[in-house]
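# Coordinates in review
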Amino acid sequence: MATSTYPLSPAPADSAEWRLPIEGMTCASCVRRVETALGKVPGVRAASVNLATEQATLQADSPEVLPAAAAAVAAAGYAIAHATIALDIADMTCASCVGRVEKALRAVPGVVDAQVNLASERAEVTVMRGAVDAAALAAAVARAGYAATPVRDDAAAPDAAAGADFWSGPWAVAVPALLSLPLLAPMVLPWYGLHWMLPAWVQWLLATPVQFVFGWRFYRAGWKAVRAGAGNMDLLVALGTSAAYGLSLWLMWRDPTGTPHLYFESAAVVITLVRLGKWLESRAKRQTAAAIRALAALRPETATVRRGGAETSVPLADVRVGDEVVVRPGERIPVDAVVVEGESHADESMLTGESLPVAKHPGERLTGGAINGEGRLVARTVAVGTETVLARIIRMVEHAQAAKAPIQRLVDRVSAVFVPVVLAIALATLLGWGLPGGDWQAGWLNAVAVLVIACPCALGLATPAAIIAGTGVGARAGILIKDAEALETAHRVNVVAFDKTGTLTQGRPRVVALHAARPGQGQGAANRSEEAGGDTVVGAANDGADDGVDQAGRILLTRLAALQAGSEHPLARAVVEAAVAHEIAVTPARDIRALPGRGIAGTVDGMALQLGSERLRAELGADPGRIAQTAERLQRDGCTVSWLMAVDGSGEARTARVLGLVGFGDELKPGARAAVQRLRAAGVRTAMLTGDNRGAARRVGEALGIDEVVAEVLPQDKAARVAALRDAGGDGRGRAVVAMVGDGINDAPALAAADVGIAMSTGTDVAMQAAGITLMRGDPALVADALALSARTVRKIRQNLFWAFVYNVVGIPLAAAGMLNPVVAGAAMALSSVSVVGNALLLRRWRPSPAARPSEENA
């Protein structure tokens, strides 16, 4: 297990010992390969690798060799295990600050990557696990002039308003505003025919506390930037206001008895406006992060636990997996659990976006954070703490909000050179006005206006503010965006590929037909009911009605259930449920093994059996005989057909005979057709990739109006099919942008291979991990909503960046030309950041489209 960043043993006098976790080693030859690769890295004096602990121990001259060591391990075919450390960053003010913090973090040995978000004031740092810790990262941030604190896993989303002191609250704006108002009055009163001017010494008394008390934060942060060899917004404000304040002092000294025109109001009002802008900006940023705080607020503080027959209220942290929790009507469900007693409804709208309460019966799953309705429930805890659905949702949204969209890279490149360029323009402005005509005073003021108006804040906030607002409103609608790249890419999707079972259908198939070969007839013979043209039908539930299951059907169902016992596959569950409904004892088969993409094999009562698809039957060479006609009819009706075969012998002498078939029916989801039609109306081509037979797949495709249906696809081939859809193009103008929608383990490769993977939360964790977007309701209509949200968010990002760039491109030349007073420049600079965040907040008005009503769906 990896340890710390610091030397673990003295080793040679001028070297230290470092431990790194290695992934992918399986044997002694792997160890030798890794040791050889590490031994060739310059600066590594010795390297030893332990296969049992999966660690490499290096004796190295300095930690700077760690990146080269990681590259050597990767070149050898292995990898260094990574971890993510989250830090809250304080004192950042603009995009230049972001770049400086990222540069400081990436310079720490053992850091693989660092992403800093100005809007959320958070850093996500990817490190070589065991090579660096949060303390070392915080120290690097401190050296860059900022403060960093680790984010606790169990910490609720912070409210920036909580704990705000005088210097960050509204009074820090109100007091300098009161002091600046008399200085501004002489500029405004002439508009109304009034002329009034304060004495120079009174102006100085009013401006000085604003400049050096309320403006001290700009000096402090600007000085830290200078020490770090960089610049930021604070430096520009400090230089600009100091220049105006200094010019006023010089004019006072030159004419102590007269009434010279002073510029104290420029310095004081600019500081006041900047503080006002930052305060409004912080309020707006708190609103963009409201979704996280709303989700965190869903956790109750306590839970009622039933232990030893008594009900006791305990802190939520004391609840353990297996505990029985009691949830009374109107209470929030404290943990993820399964109902064991009682019936009720649960309001899960904050988690899934579903406005209607969901019925809960024994065996149903409860999600922590939902509100219990009218009934009293007793439920067994299945997940607590960071493993609950709510905690995972919060982590996913936080990760997306902390991540950078690809478009942000342009902003980062611009902000890296922004402040030096502005300083150069300000100097050129001063010299351009002073040298030719000697008007140094005008040059000085215009240079101040250049420094004040050129603020990179708007650039730094344009993208992250929109990302935070978009992911937040998506979370409320049941659309969880895992990373910013998925959010930015989704609006370009022009092909959506769906899995079938569980995505477009309910995912709860039931046995609708059984056909057993007639005993004694050999392979291919059908039973009497088949000869008569009828089906041996098995109902979905045991309602006491005679559904025509004869002795041959019961034997077939017994064998099917034996093979499927213990499997979590939807078809397996349907078989077992049918057997239980007909009071057939289910005894698991022996020697069960999966046949990937084909079916399952096992031994029942000494007979080797295989159950699977048409592909498996063809591979075994089992002749279906006349029962094939029934299979074709079932497939035309949209059923999934599986064949049960007995296998005799092995190798080349192996033979197989058909014992019967089972037909499964699965209903379409109510909103599936409307979802497909919405996508087609938006110009998006639809496809369906399924392992099901062609007949059933074609029936579903026709019912939903899907453009392309690809059936009998093996799980390992789905990713290749996604690539083929991409290469085929979606609009005739080149490669398509493909989104894959699925819910099962077999969909995970395709979800990862698609440009945007969209997983249903009703499916497996593996699918959700592979996808960039998770839909908290199993409603395909949310696919179109996710694409629409992406388009709206990207539109806001582009609007913000456009205005941020235009603002500087237009404002700086106007200031240099003497067409902007420093006060006006300060107001414009303050409003630029507020307008960018305010524009992003308009995303909060987005709502998903209303779901199609059942009557519309069935029309």
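Worth saying up front: this structure is predicted, and the values here are computed from it rather than measured. (Residues numbered from 1 in each chain as written. Predicted model: local features only at pLDDT ≥ 70, side-chain atom pairs only at ≥ 80, totals over all residues. Heavy atoms only, no water.)

### What about the UniProt feature "transmembrane region" (unreviewed entry) in the protein?
Where we set the bar: UniProt positions are given in the numbering used here, feature names are shortened, and annotations may be inferred rather than shown by experiment. Each helix is a run of DSSP H or I of at least 4 residues and each strand a run of E of at least 2, with the numbering of both proceeding from the N terminus.
According to UniProt, the feature "transmembrane region" (unreviewed entry) maps to residues 200-219, 231-253, 259-277, 414-435, 447-473, 800-817 and 823-843 in the numbering used here. In residues 200-219, the share of helix is 95% and the share of strand is 0%. The end C-alpha atoms are 25 Å apart. With 94% helix and 0% strand, the stretch residues 800-817 has end C-alpha atoms that lie 26 Å from each other.

### Here we look at the sheet that holds strand β15 (residues 365-366)
Filter applied, for reference: One requirement defines pairing of two strands: DSSP has to find at least two bridges between them.
Read across the open sheet, the six strands follow the order β10-β9-β11-β17-β12-β15; overall the sheet is antiparallel. This sheet does not close on itself; its edge strands, each paired only once, are β10 (310-315) and β15. Inspection of the sheet shows strand β9 (residues 302-307) paired to β10 by six bridges, in the antiparallel sense. What sits directly across from Ala303, in β10, is Val314.

### Re a nonpolar patch on the surface
Inclusion rule: Nonpolar side chains (Val, Leu, Ile, Met, Phe, Trp, Tyr) within 5 Å and like charges within 9 Å form the patches, drawn only from residues with over 30% relative accessible area and no salt bridge. Residue burial considers only the protein chains on display, and all accessible areas are found by Shrake-Rupley using a 1.4 Å probe. Should a side-chain nitrogen of Lys or Arg be within 4 Å of a carboxyl oxygen of Asp or Glu, the pair is scored as a salt bridge. The cut-offs for exposure are 20% and 50% of the maximum accessible area for each residue type, with area from a 1.4 Å probe on protein chains only; residues under the lower value are buried, those over the upper are exposed, and the others partly exposed.
On the surface, Trp201, Trp204, Leu205 and Leu249 cluster together to form a nonpolar patch covering roughly 410 Å² of accessible area. When residues in the nonpolar patch are grouped by element, the largest group, three residues, is from helix α6 (residues 200-214). Here Leu249 shows up in helix α8 (residues 233-254). Classification of Leu249 as partly exposed rests on a relative accessible area of 34%.

### Here's the deal with the packing of aromatic side chains
The criterion, for reference: A pair of Phe, Tyr and Trp rings is counted when the ring centres sit within 6.5 Å of each other, with Trp represented by its six-membered ring. The angle between the planes then sorts it: under 30 degrees is stacked, over 60 is edge-to-face, the rest tilted. Note on criteria: charge over ring means Lys NZ or Arg CZ within 6 Å of the ring centre, with the direction from the centre no more than 35 degrees off the ring normal.
All told, the structure shown has five aromatic pairs when counted by the stated rule. Centre to centre, the rings of Phe212 and Tyr245 are 5.1 Å apart; their planes meet at 90 degrees, and the pair counts as edge-to-face. Residue Phe212 is located in helix α6, and its partner Tyr245 is located in helix α8; the two are separated by 33 residues in the primary sequence. For Tyr245, a relative accessible area of 6% translates into the label buried. Above the plane of the ring of Trp643 lies Arg617, whose end atom (NZ or CZ) is 5.5 Å from the centre.

### As for the nonpolar core
Quick note on the threshold: As used in this record, nonpolar core signifies buried Ala, Val, Leu, Ile, Met, Phe, Trp, Tyr and Cys residues forming a set joined through side-chain atoms within 4.5 Å. Between two residues, a contact is recorded if the distance between any of their heavy atoms is within 4.5 Å.
In terms of nonpolar packing, the biggest core is built from 79 residues, with Leu87, Leu105, Leu137, Val496 and Ile773 touching the most fellow members. With residues up to four places along the chain from it excluded, the contact list for Leu105 reads Leu87, Val111, Ala114, Val116, Ala123, Val125, Leu137 and Val141. The next biggest cluster of nonpolar side chains, apart from the first, holds 46 residues, and it includes Leu247, Ala267, Val419 and Ala447.

### Some words on the pattern of salt bridges
Charged atoms that come close allow side chains of opposite charge to pair. Going through the model one piece at a time under the given rule, you end up with 21 salt bridges. Close ionic contact of Arg617 with Glu614 constitutes a salt bridge, the shortest N to O distance being 2.4 Å. Highlighted residues: Arg617 and Glu614, both in helix α20 (residues 614-620), separated by three residues, approximately one helical turn. For Glu614, a relative accessible area of 26% corresponds to the partly exposed category.

### Structural notes on the packing of α6 against helix α7 (residues 216-227)
Keep this limit in mind: Fitted lines through C-alpha atoms serve as axes, helices being fitted only where they are in contact, and the angles separating the N-to-C directions of these axes extend from 0 to 180 degrees. Put simply, angles under 35 degrees are roughly parallel, angles over 145 are roughly antiparallel, angles from 65 to 115 are roughly perpendicular, and the rest are oblique. When residue character is reported, Ala, Val, Leu, Ile, Met, Phe, Trp, Tyr, Cys and Pro are called nonpolar, Asp, Glu, Lys and Arg charged, and the others, Gly included, polar.
In contact at an axis separation of 4 Å, α6 and α7 are set at 40 degrees when each is read in the N-to-C sense. Our classification of the angle between α6 and α7 gives oblique. Where α6 abuts α7, its residues Gln211, Phe212, Val213 and Phe214 lie against Trp216, Arg217, Phe218 and Tyr219. Residue composition of the contact of α6 with α7, grouped by class: six nonpolar, one polar and one charged.

### Re the pairing of strand β7 (residues 122-128)
Counting buried positions along β7 yields six of seven residues, so the element is predominantly enclosed. Here strand β5 (residues 82-90) pairs with β7 via seven bridges, running antiparallel. From the neighbouring strand, Thr84 faces β7, where its bridge partner is Thr126. Sheet topology places strand β6 (residues 111-117) next to β7; six bridges connect them, and they run antiparallel. Across the sheet, Gln115 pairs through a bridge with Glu124, a residue of β7.

### Things to note about the side chain of Thr505
As a reminder, the rule being used: Side-chain atoms alone can form a polar contact between residues adjacent in sequence; in general such a contact is a pair of N or O atoms within 3.5 Å, and within protein one must be able to donate a hydrogen while the other accepts it.
On the secondary structure map, Thr505 appears in the loop between β19 (495-498) and β20 (510-516). Polar contacts involving the side chain of Thr505 include one to the side chain of Asp666, which spans 2.6 Å. Contacts of Thr505, omitting those with residues within four sequence positions, involve Lys500, Asp666, Glu667, Leu668 and Lys669.

### Side note on helix α19 (residues 570-581)
Counted only if it meets this: To estimate how far a helix should reach, multiply one less than its number of residues by 1.5 Å.
Compared with an ideal rise of 1.5 Å per residue, which puts twelve residues at 16 Å, α19 spans 16 Å between its outermost C-alpha atoms and is within 8% of the ideal. Buried residues of α19: Leu571, Ala572, Ala574, Val575, Ala578, Ala579 and Ala581, and no others. On its buried side, α19 packs onto β20, α18 (551-564), β24 (640-648) and β25 (655-665). Downstream of α19 by a residue or two, Glu583 has a phi angle that is positive, lying close to 55 degrees.

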